[in-house]
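# Observations on the three-dimensional arrangement
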Amino acid sequence: MTYVTSLPLPKLLTQLRQLPPNSIALFTSLFQDGAGEAFVPHEVVPLVSAAASVPLYGFLDQYLGRGIVGGKLYGSATQGSGAAELVLQSLYGAAPQDMQVREPPAGRLQFDSYQLQRWGIAESDLPPGSEIYFGRATMWEQYHWQIIGIIAAVLAQTGLISWLIYEHRRRTLAEVRSRDAMAELANMNRLATAGELSASIAHEINQPVTGIVLKASAALRWLAVDKPDLERIRNTLSDIVGAGQRAGEIITSVRAMFKKDSDLAAPVNLNALTGTVLALLRVDLQKDGVRVETQLDGELPAVTGDAVQLQQVILNLVVNAADAMRTVQPRVLTVRTSRNGSGTVRMSIEDTGTGINEADRDRIFHPLFTTKAGGMGMGLSICRSIVENHGGRIWVSAAAGRGSIFQFELPVAGGRIANHELAA
């Protein structure tokens, strides 16, 4: 055993660097080196440990973690606490013979994990009961709560994204089914109107057909005379041709009205559609005592859309207006068309009926909502769907005197209503 505490610190460190293998260094304390320079012992330990070419051991636990490998270490703090208690007893007047002499606690086998790894000392080679400190914690040991939080966040985000994808797909499928169902309901609504319009259709077709028969019979009689009036017969045949064309137009219009899935986007004149609808409903309106007043803008621009669907909207609104006036007098139906400065065309259908409660106006266009005793609650919902699909909007308000005004707006051909207007 060689003592080197009498050397100046620089020479001491030099000698430690030159220790032969299979040696160890034991650090006791160093308050003053051989050159008389004062030191704090635990501040010297890191210097000695860094310079030593062999493991450095000690006997005080305050050196652990500063460079010593470890050993059977005594706790200076525990001894200091015991000494302080004896001093306090003396200060409080205890006689020396009454003070209990205490044995200092035995040292504990304590080692620095970093130094063990530095010198290649296996933990299995340590004495039983050894305590190892300053071990390098694994990533999980150091940050397990953060890792758990990150994993939980990733799982939550994955679940949320999966749920959003599922909801998007489900909503898309629901929208497709809803559009298909609305189209089917619109077709059923048109077919259901066929029964109500049968009398008007028969009357409209019967007029030109009756005229054709009468004029043809007259022409035959005129041809049977010795000197037929050819000019008169020619005029009669021209009338027959016109009546036949009129009947054909009526049949074409009726077929188009009840045709399924037309979806033909083309320039449409709302005035012309209004005239066709009122002509088809003329018999029923006259039978119910409804007076029709029209205020149609003669310079109304065309809109782009499906003529059959827009005709269905006008037809539904006119039929609903007539139904609303069955129990009142007078029964006046006013149909107006006009052009707005916002690049839209507006149609309004006003009745003098019983009106709609203010509480029901917000729900009147909802599916399955109806104010009629035997109504299905789909007519106005279909109207709204058709109008909105054409880039327009539809609404209802109370009339100035009595009744209701149903209005809808559509963009003129090549235009579209702004978003803020659609939301109005």
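Let me begin by describing the structure that accompanies this report. Each chain carries its own residue numbering, running from 1 in the written order of its sequence. In view of the model being predicted, local features appear only for residues whose pLDDT reaches at least 70, and side-chain atom pairs are presented and counted only at 80 or more, with totals across whole chains, interfaces and linings using the full set of residues. As a rule here, side-chain values cover all heavy atoms of the structure and leave hydrogens and water aside.

### What about the environment of Leu296?
The topology assignment puts Leu296 in the loop between β7 (291-295) and β8 (303-306). Sequence spacing of Leu296 and Met347 is 51 residues, and the spatial spacing of their C-alpha atoms is 8.9 Å. Non-local contacts of Leu296, meaning those with residues more than four positions away in its chain, are made with Asn271, Val335, Arg336 and Thr337. In this description a helix means any DSSP run of H or I spanning at least four residues, a strand means any run of E spanning at least two, and both kinds are numbered starting from the N terminus. Between two residues, a contact is recorded if the distance between any of their heavy atoms is within 4.5 Å.

### Notes on the pattern of salt bridges
Between Lys or Arg on one side and Asp or Glu on the other, a salt bridge is scored when a side-chain nitrogen of the former is within 4 Å of a carboxyl oxygen of the latter. Scanning the model with the defined rule gives 10 salt bridges in all. Linking Glu293 and Arg291 is a salt bridge whose minimum nitrogen-to-oxygen distance equals 3.1 Å. Relative accessible area serves as the criterion here: at 31%, Glu293 is assigned to the partly exposed category. In this structure, Glu409 and Arg346 form a salt bridge, with 2.5 Å as the shortest nitrogen-oxygen distance. One end of the pair, Glu409, is in strand β12 (residues 404-411); the other, Arg346, is in strand β10 (residues 344-350), with 63 residues separating them in the sequence. The classification of residues rests on relative accessible area computed with a 1.4 Å probe and restricted to protein chains. Under 20% of the type maximum is buried, over 50% is exposed, and intermediate values are partly exposed.

### Things to note about the packing of aromatic side chains
Centres within 6.5 Å make a pair out of two Phe, Tyr or Trp rings, where for Trp the six-membered ring is used; the pair is then stacked when the planes are under 30 degrees apart, edge-to-face when over 60, and tilted otherwise. Summed over all chains, the structure comprises three aromatic pairs. Aromatic pair Phe27 and Tyr63: ring centres 5.1 Å apart, planes at 90°, arrangement edge-to-face. One end of the pair, Phe27, is in strand β1 (residues 25-27); the other, Tyr63, is in the loop between β2 (56-58) and β3 (70-73), with 36 residues separating them in the sequence. Across the pair, Tyr63 and Phe27 agree in class, each one buried. Note that Arg393 overlies the ring of Trp395, its terminal NZ or CZ placed 4.1 Å from the centroid. Two conditions define a charge sitting above a ring: the NZ of Lys or the CZ of Arg must be within 6 Å of the ring centre, and it must be within 35 degrees of the ring normal.

### Some remarks on the nonpolar core
In this text, buried Ala, Val, Leu, Ile, Met, Phe, Trp, Tyr and Cys residues form a nonpolar core when linked through side-chain atoms within 4.5 Å. With 40 residues, the main nonpolar core has Leu270, Leu310, Leu317, Leu333, Ile349 and Phe408 as its most contacted residues. Among the elements of the structure, α7 (270-280), α9 (307-324), β9 (332-339), β10, α11 (379-389), β11 (393-398) and β12 are those that each provide at least two residues to this core. For this core, the leading source of residues is α9, giving nine residues. Look past the residues within four positions of Ile349 in its chain and what remains in contact with it is Ile314, Leu317, Val318, Ala321, Leu333, Thr334, Val335, Ser404, Ile405 and Phe406. The next biggest cluster of nonpolar side chains, apart from the first, holds 21 residues, and it includes Leu16, Phe27, Leu56 and Leu73.

### What about the pairing of β9?
As paired elements, β7 and β9 share five bridges and run parallel to each other. Bridge pairing in β9 links Arg291 to Val332. The pairing criterion is simple: DSSP has to find at least two bridges between the two strands. Counted along the chain from β9 to the antiparallel partner β10, the turn is four residues long, and its residue Gly343 has a positive phi close to 80°.

### What to know about the environment of Gly80
Its location among the elements puts Gly80 in helix α3 (residues 76-91). Its relative accessible area of 38% is what places Gly80 among the partly exposed residues. Each C-alpha atom of the pair Gly80 and Pro104 lies 10.0 Å from the other, and the pair is 24 residues apart in sequence.

### Side note on the sheet that holds β10
In spatial order, the strands read β7-β9-β10-β12-β11; together these five strands make up an open sheet with mixed pairing. With partners counted over all chains shown, the strands left at the sheet margins are β7 and β11, one partner each. Geometrically, the sheet is characterised by an average inter-axis angle of 15° between neighbouring strands, direction not taken into account. An axis is simply a line fitted to the C-alpha atoms; with a helix, the fit covers only the stretch in contact. Between two such axes, the angle follows the N-to-C directions and lies from 0 to 180 degrees. Contacts from α7 reach β7, β9, β10 and β12 within the one sheet, and its direction differs from that of β10 by about 25°.

### As for α3
Structural remark: α-helix, 3.6 residues per turn; residues separated by three or four positions point the same way. Expected span, for any helix, means 1.5 Å times one less than how many residues it has. Helix length check: α3, at 16 residues, gives a terminal C-alpha distance of 22 Å against a target of 22 Å (1.5 Å per residue), a fit within 8%. Gly93 occupies a position one or two residues after α3 and carries a positive phi of about 95°.

### A short note on the side chain of His390
Locating His390 in the fold gives a position in the loop between α11 and β11. Each polar contact in these results corresponds to two N or O atoms within 3.5 Å; when the atoms are within protein, one needs to be able to donate a hydrogen and the other to accept it, and residues that are neighboring in sequence are counted only if both atoms are side-chain atoms. For His390, the side chain forms a polar contact with the main-chain oxygen of Ile386, separated by 2.8 Å. The residues contacting His390, other than those within four sequence positions of it, are Thr304, Gly305, Asp306, Gln309, Leu310, Leu410 and Pro411.

Honestly, it's all geometry; don't read function into it.
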